[in-house]
Amino acid sequence: MILYKLQDLVKAYHGKSVLSLEKLDIEQGRIHALVGANGAGKTTLLNILAFLDRPSSGSIHYASQPVVYMQTFLQSIRKEIILVHQHPVLFSTSVYHNLDFGLKIRNTPKNQRREMIAKALRMVGMEHKIDAQPKTLSGGEIQRTALARAMVLEPKVLLCDEPTAYVDLEHRNIIMELLRDINTKQKATIIFTTHDKQQAVTLAHHTITLERGKLIDSSYDNFYTGVITPDQNGWVRCRIQNTLEIKIPSEKIGTRRVFIDPEKIQWTTSSAVAPNHTRLRGEVIQISSEQDRIRIQVRSAIPITFLLSQKDYQQRSPRIGQHIDMRIPPDAIKIL
């Protein structure tokens with residue numbers, strides 16, 4: 001089931017667009033990683049999904065209902081969604097009372113609150129800190145307390161902004177396992193932002209990648225700076241890193257950000273190249289698994305990554321050090 005459906009969504013500040021999403025569907029009951037550089041629009045999107053901010057234009061459906069930005073409507077759905085910030089702020093009281101506050105607001109009976117708090121703290125391994133003050137906790141323990149405070153309210157959606165950014169390696173692994181447990185045991189839909197692409201692949205069922213406020217089709221880079229110059233017949237030339245020249249449909253002339261979609265790059269054994277396709281030869285330097293696909297990194301005129309299906313991988317059996325030919329069709333190239 002699709003939980004969030006975003007259509008033609010734009011968020012602008014002072015007339016400048018920071019988010020522009022033509023279409024985005026987020027599936028219920030899954031873990032979704034939101035990946036992108038600083039300024040890509042990740043936190044803006046998270047705030048919109050939490051209904052703490054509203055888009056400048058476009059539409060959102062939540063649980064198959066169109067979202068209406070009226071307080072009476074928003075109050076009901078906000079109870080189903082919890083946002084854990086990058087730097088959680090805890091009340092200057094005990095861990096227990098931090099978890100108890102939200103349950104009190106929701107008029108949960110006292111005897112039920114005690115049981116729910118104990119369960120949540122056990123799940124994050126913080127039961128021994130139930131009477132601790134926030135000032136005595138480490139960064140990782142604060143993040144775990146914030147997750148417990150969210151979990152005790154049993155949200156349908158848990159949004160986490162960089163949940164492992166400022167914790168040590170031990171707590172990073174603990175928090176990743178916690179998010180997996182929350183998804184499995186509480187059936188919550190989880191959306192978290194991260195700069196760590198490996199973390200996204202390891203933890204998430206689905207990765208959403210933003211580049212300058214726009215959706216990109218893959219979680220892996222293939223981002224370059226290109227210089228675009230005029231050509232002929234309605235095409236232009238894009239020169240990347242002064243080493244590779246590709247033809248693209250007519251675009252604005254000048255220096256632009258270029259993305260080559262790794263899902264559309266083709267491994268070819270043919271010497272023939274279709275008109276306006278770019279041929280590239282390189283050496284395989286890394287092979288790794290990405291959910292149901294295989295990620296191939298190649299050293300060539302530019303460092304480049306492409307994806308193979310499991311079936312193609314088994315048939316071709318690539319190996320480290322092998323030299324291969326790739327073909328880049330025009331529709332694999334996006335000018336940002």
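Let me sum up the structure you'll find in this document.

Conventions we followed
- Residues numbered from 1 in each chain as written.
- Predicted model: local features only at pLDDT ≥ 70, side-chain atom pairs only at ≥ 80, totals over all residues.
- Heavy atoms only, no water.
- Pairing = 2+ DSSP bridges.
- Helix = DSSP H or I, 4+ residues; strand = E, 2+ residues; numbered from the N terminus.
- Patch = residues over 30% accessible without salt bridge, like charges linked within 9 Å, V, L, I, M, F, W, Y side chains within 5 Å.
- Areas by Shrake-Rupley, 256 points an atom, 1.4 Å probe, with all protein chains shown as cover.
- Salt bridge = Lys/Arg side-chain N within 4 Å of Asp/Glu carboxyl O.
- Buried < 20%, exposed > 50% of the residue type's maximum accessible area, 1.4 Å probe, protein only.
- 1 Å grid on protein atoms, 1.4 Å probe; cavity = no way out; pocket = protein on both sides within 12 Å on 5 of 7 lines; lining within 4 Å.
- Points joined across faces, edges and corners; volume = space filled by probe spheres on them.
- Core = buried A, V, L, I, M, F, W, Y, C linked by side-chain atoms within 4.5 Å.
- Contact = heavy atoms within 4.5 Å.
- Axes fitted to C-alpha atoms, helices over the stretch in contact; angles between N-to-C directions.
- Parallel < 35°, antiparallel > 145°, perpendicular 65-115°, else oblique.
- Nonpolar A, V, L, I, M, F, W, Y, C, P; charged D, E, K, R; others polar.
- Phe/Tyr/Trp six-rings, centres within 6.5 Å; stacked < 30°, edge-to-face > 60°.
- Lys NZ or Arg CZ within 6 Å of the ring centre and 35° of its normal.

## Quick look at the sheet that holds strand β1 (residues 2–13)
With antiparallel pairing, the four strands of this open sheet are ordered in space as β2-β1-β4-β5. The open sheet has two edge strands, β2 (16–27) and β5 (65–66), and neither has a second partner. Looking at chain direction, β1 and β2 are connected through ten bridges and run antiparallel. Residue pairing across strands places V10 opposite S20, the latter belonging to β2.

## Let's talk about unusual backbone geometry
Note: most peptide bonds trans; most residues except glycine with negative phi. Positive phi values are uncommon outside glycine, yet E162 reaches one of about 50°. Inspection of the secondary structure puts E162 in the loop between β7 (157–160) and α6 (169–185). Positive phi outside glycine occurs at K187, with the angle close to 60°. By secondary structure assignment, the location of K187 is in the loop between α6 and β8 (189–194).

## Quick look at a nonpolar patch on the surface
A contiguous nonpolar patch, built from F91, F101 and I105 and spanning about 310 Å² of accessible area, is present on the exposed surface. In this structure, F91 sits in the loop between β6 (81–84) and α3 (95–105). For F91, a relative accessible area of 40% gives the class partly exposed.

## A word on the layout of surface pockets
When its volume is computed, the largest pocket comes out at roughly 590 Å³. What lines the largest pocket is a set of 21 residues, and nearest its centre among them are I81, I82, L83, R106 and L153. For the lining of the largest pocket, the secondary-structure elements that each account for two or more residues are β6, α3 and α5 (139–151).

## Regarding the nonpolar core
Within the largest apolar cluster, 38 residues are counted, with the highest numbers of intra-cluster contacts made by V84, L147, L158, L179 and F192. Residues contacting L147, with those up to four places away along its chain left out, are V84, L158, C160, I175, L178 and L179. Judged by nonpolar contacts, the second largest core, of 28 residues, contains L24, I26, L45 and I60.

## Describing the packing of α5 against α6
Interaxial distance between α5 and α6 falls to 10 Å at its minimum, and their mutual angle equals 10°. Taken together, the axes of α5 and α6 lie roughly parallel to each other. Contacts from G140, E141, Q143, R144, L147 and M151 of α5 reach α6 at H171, I174, I175, L178, L179 and I182. Per-class residue counts for the contact of α5 with α6 are seven nonpolar, three polar and two charged.

## Remarks on the packing of aromatic side chains
Scanning the model with the defined rule gives six aromatic pairs in all. Here the aromatic cluster, defined as three or more aromatic residues joined through ring pairs, consists of Y4, F51 and Y62. Stacked on the ring of F91, the Lys or Arg R149 has its end atom at 6.0 Å from the ring centre.

## Considering the sheet that holds β6
Taken together, six strands build an open sheet; the order of strands is β6-β7-β8-β3-β9-β10 and the sheet is mixed. The outermost strands of the open sheet, each flanked by one partner alone, are β6 and β10 (214–216). This sheet shows a mean twist of 25° between the axes of neighbouring strands, independent of strand direction. Where β6 and β7 come together, four bridges link them in parallel fashion. The residue of β7 that forms the bridge with I82 is L158. The sheet strands contacting helix α1 (residues 42–49) are β3 (31–35), β6, β7, β8 and β9 (206–211), and the helix crosses β8 at an angle near 160°.

## What about the side chain of T44?
In this fold, T44 is placed in helix α1. Residue class for T44 comes out buried when judged on its relative accessible area of 16%. In this structure T44 touches K11, Y13, V18 and L19, once residues within four positions along its chain are discounted.

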